[in-house]
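Listed here are the chains, written in short residue letters.
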Amino acid sequence: SYSTESGMTGYTWSIVGGSINSGSTTNTVSVTWNTTGAQSISVNYTNGNLCTGAAPTPLAVTVNSLPTASITPDPAETCAGKALAMNGNPAGGSGVYSTHAWTGAGATSLSSTSSQTPNFTNNTAGTYALIYTVTDNKGCKGSDNITVTVQPKPTANAGGTGATCTGTPYTVSGASATNGSILWTVQTGTGAITGGATTTSPTYTPGAGETGAVELLMTVTGAGVCSTSTATDIFNLTVNPLPVPTITGSTSVCLNSTQSYSTESGMTGYTWSIVGGSINSGSTTNTVSVTWNTTGAQSIS
């Protein structure tokens, strides 16, 4: 904006190196300078005595070039929680830069909003807009904008707990993983992962005679900018020992006599078999009634 004395008439403005936006017949004009270097603006008017200036009065104006800004890296991508170094890369203008300013939705994720080279860190996946503006010592500004993409970190859920018996393979169910590749390993136990080591359903085969607690480690490793990020979880498996039933009852009996035999109570799947006799009742319970109908060495199991 440029002004001259008010209260006059016949205001006439002229400009070199720019354009008048408004006010060309008033005492104040709005000007846009669009050419660098030595330029000028001049004005003349008629005063209250109806006298007009002998010549327009000029004002010399130096139009300075604008600085530029270029944000790197571009494209900008990082992993959730991982710092990404940003650079405003100012150039041009006076070559001396007085301020650096970062604005936009992603500015709160920067280590500094007034540094040329701040770090960007955000724990939440998504996209975040950044605008970088540089001001040189002539007061001229340049800017650039960019969108930072934050990729999600991997997650791991091993699925909790399970139980199997000695010698019986166990397949995990209920596990889940996101944003990465899976690998199962045996943390504690004498057995091995015998299938599905890179899926959510690995199979563990107990070692020979193995009993007790087994820990299976699920590791999920990210890719790309998240390749150094991992998530882990433990599946706790109990390998229970096999039962060894005991039998109580007479071991010396008479031909055609009926005897009762028992094993531990409170179990399921009772299965009795006999050589030299017949089972009268209780073949699916913990107590059976037997009639021995053959002499000599016989057996019940």
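Residues numbered from 1 in each chain as written. Predicted model: local features only at pLDDT ≥ 70, side-chain atom pairs only at ≥ 80, totals over all residues. Heavy atoms only, no water.

Peer 1: What's the story with the overall build of the chain in this structure? I'm lost.
Peer 2: Looking only at helices and strands, the chain features zero helices and 28 strands. The C-alpha radius of gyration computed for the chain amounts to 44 Å, which surpasses the reference 19 Å derived for 301 residues by more than 25%, pointing to a less compact arrangement than a globule. In terms of overall dimensions, the chain has a C-alpha envelope of 155 × 35 × 20 Å along the principal axes. Relative to its 301 residues, the chain shows a buried fraction of 29%. (Helix = DSSP H or I, 4+ residues; strand = E, 2+ residues; numbered from the N terminus. Rg over C-alpha atoms; globule rule 2.2 N^0.38 Å. Buried < 20%, exposed > 50% of the residue type's maximum accessible area, 1.4 Å probe, protein only.)

Peer 1: Help me understand the state of the cysteines in this model?
Peer 2: In a disulfide, the sulfur atoms of two cysteines are covalently bonded to one another. Evaluated as defined, the whole model comprises one disulfide. Between the sulfur atoms of C79 and its disulfide mate C226 the distance is 2.1 Å. Classification of the bridge connecting C79 and C226 rests on its S-S torsion, roughly 105 degrees, and on that basis the disulfide is right-handed. Taken together, the positions of C79 in strand β8 (residues 76-79) and C226 in the loop between β22 (212-221) and β23 (230-240) put the pair 147 residues apart, joining distant regions of the chain. Assigned by exposure class, C79 and C226 land together as buried. (Disulfide = S-S within 2.5 Å.)

Peer 1: Please explain the sheet that holds strand β6 (residues 57-63) as it appears in this structure.
Peer 2: Within a beta sheet, neighbouring strands are joined by backbone hydrogen bonds and run either parallel or antiparallel to one another. Taken in spatial order, the three strands line up as β2-β5-β6 in an open sheet, and their pairing is antiparallel. Each edge of the open sheet is held by one strand with a lone partner, namely β2 (9-16) and β6. Adjacent strand axes in the sheet meet at a mean angle of 20 degrees, parallel and antiparallel pairs treated alike. Of the pairings in the sheet, the one linking strand β5 (residues 37-46) to β6 comprises seven bridges and is antiparallel in character. Bridge pairing in β6 places G37 opposite V63. (Pairing = 2+ DSSP bridges. Axes fitted to C-alpha atoms, helices over the stretch in contact; angles between N-to-C directions.)

Peer 1: I keep staring at the sheet that holds strand β3 (residues 18-22) and nothing clicks. Help me out?
Peer 2: Spatially, the three strands line up as an open sheet ordered β1-β4-β3, and their pairing is antiparallel. Each edge of the sheet is formed by a strand with only one pairing partner; in this case those strands are β1 (2-3) and β3. The pairing of β3 with strand β4 (residues 28-33) spans four bridges and is antiparallel. For S19, the partnering residue across the bridge sits in β4 and is T32.

Peer 1: Looking at this structure, how should I read the nonpolar core?
Peer 2: One recurring pattern in soluble globular proteins is that nonpolar side chains are buried together. Counting 16 residues, the largest nonpolar core has M86, W102, F120, L130 and V148 as the members making the most contacts within it. For this core, the element with the most residues is strand β13 (residues 126-136), which contributes four residues. Once you skip the residues sitting within four places of it in the chain, F120 turns out to touch T78, K82, A83, L84, M86, G106, S109, L110, Y128, L130, V148 and V150. Grouped together as the second largest cluster of nonpolar side chains are 14 residues, A158, W184, Y204 and V214 included. (Core = buried A, V, L, I, M, F, W, Y, C linked by side-chain atoms within 4.5 Å. Contact = heavy atoms within 4.5 Å.)

Peer 1: Would you mind going over the pairing of strand β16 (residues 161-165) with me for this structure?
Peer 2: Look at any regular strand and the pattern is simple: side chains alternate between the two faces of the sheet. Covered by surrounding structure in β16 are G162 and T164 only, the residues T161, A163 and C165 on the alternate face being uncovered. Pairing geometry for β16 and β23, over five bridges, is parallel. Its bridge partner being in β23, G162 is matched across the sheet by L237.

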